[in-house]
Amino acid sequence: MSTPPVAELLSLAGRRALVTGASGGIGAVCGARLAEAGAEVICLAHRRSGDAEALAARLRSQGRVAEATATDLSAPGAAEVLGARLGSVDLLLHAAARQDMRALAPSDEAAGEASFAHWQGMLAANLSASAALLAALAPRGLQAAVLVSSVEGAGPAPGHAAY
């Protein structure tokens, strides 16, 4: 059994999709599939923004409409600034995550243990950014959101407490 092209299953023509974590993994694959369904895709990344730009360039080379942007969604107010800059967005696929593997301890960075500031940064990227994006995009026409999570939510691995 072969998988039919996405465009035969779903049409997102005329829709704008913001895909976070578009520099690789789930975000990049989903961004490509949304574009295949006809959506204009905004590929967002922070630390590996060059990879998100490469995805957008690849999609454009296939005749799709795509752009890339770099934003640190863990920064206060970043989602609102992004939303104002983008304007109308129909679909959010939020796959960005920060996964720094460190044990939670008072603050021994040299031993690879997380400080409280590190813990706050992880929560800002992995939890607060979701709420901030929804709040920023809802008044701008957001119709659907997919918030990607991890199986580690049910049972985190050692050193992944904030992930």
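Please read these numbers as outputs of a predicted model, since none were measured by experiment.

A. Structural view of the overall build of the chain. Looking only at helices and strands, the chain features five helices and seven strands. The linear arrangement of helices and strands in the chain, starting from the amino end, is α-β-α-β-α-β-α-β-β-β-α-β. In the chain, which comprises 163 residues, the share counted as buried stands at 38%. In the chain, 67% of the contacts between residues at least 6 apart in sequence involve partners at least 24 apart. For the chain, the exposed surface amounts to about 8,500 Å²; the carbon and sulfur share of it is 58%.

B. Expanded view of the packing of helix α4 (residues 78-86) against helix α5 (residues 116-137). Between α4 and α5, the least distance of the axes is 8 Å, while the angle of their chain directions is 35 degrees. Where α4 crosses over α5, the handedness of that crossing is right-handed. Taking contact as the criterion, the partners of Ala79, Glu80, Leu82 and Gly83 in α4 are, on α5, Ala132, Leu133, Ala136 and Leu137. Its residues placed into classes, the contact of α4 with α5 shows six nonpolar, one polar and one charged.

C. Region of the structure containing the side chain of Ser130. Relative to the assigned elements, Ser130 resides in helix α5. In this structure the side chain of Ser130 is engaged in a polar contact, spanning 3.4 Å, whose partner is the side chain of His94. Sequence-distant contacts of Ser130, defined by excluding residues within four places in its chain, comprise His94 and Leu147.

D. Structural context of the pattern of salt bridges. Within the structure shown, the criterion is met by six salt bridges. A salt bridge links Asp51 to Arg48, with the shortest nitrogen-to-oxygen separation between them at 2.9 Å. You can call Asp51 partly exposed: its relative accessible area is 37%. Put simply, Arg16, Glu40 and Glu67 are held in one network by salt bridges that share partners.

E. Focus on the sheet that holds strand β2 (residues 40-45). Ordered in space as β3-β2-β1-β4-β7, the five strands form an open sheet in which the pairing is parallel. Every other strand in the sheet has two partners, leaving β3 (66-70) and β7 (144-147) as the edge strands with one partner each. Neighbouring strand axes in the sheet, compared pairwise and without regard to direction, differ in orientation by 15 degrees on average. Here five bridges tie strand β1 (residues 16-20) to β2, and the two strands are oriented parallel to one another. Bridge pairing links Ala17 to Val41 in β2. Strand contacts of helix α2 (residues 25-36): β1, β2 and β4 (91-94), with the helix running at about 170 degrees to β1, the strand carrying the most contacts.

Cut-offs used in this document
Residues numbered from 1 in each chain as written. Predicted model: local features only at pLDDT ≥ 70, side-chain atom pairs only at ≥ 80, totals over all residues. Heavy atoms only, no water. Helix = DSSP H or I, 4+ residues; strand = E, 2+ residues; numbered from the N terminus. Buried < 20%, exposed > 50% of the residue type's maximum accessible area, 1.4 Å probe, protein only. Contact = heavy atoms within 4.5 Å. Areas by Shrake-Rupley, 256 points an atom, 1.4 Å probe, with all protein chains shown as cover. Axes fitted to C-alpha atoms, helices over the stretch in contact; angles between N-to-C directions. Left-handed = near helix turned anticlockwise from the far one by under 90°. Nonpolar A, V, L, I, M, F, W, Y, C, P; charged D, E, K, R; others polar. Polar contact = N/O pair within 3.5 Å; in protein donor to acceptor, adjacent residues only side chain to side chain. Salt bridge = Lys/Arg side-chain N within 4 Å of Asp/Glu carboxyl O. Pairing = 2+ DSSP bridges.

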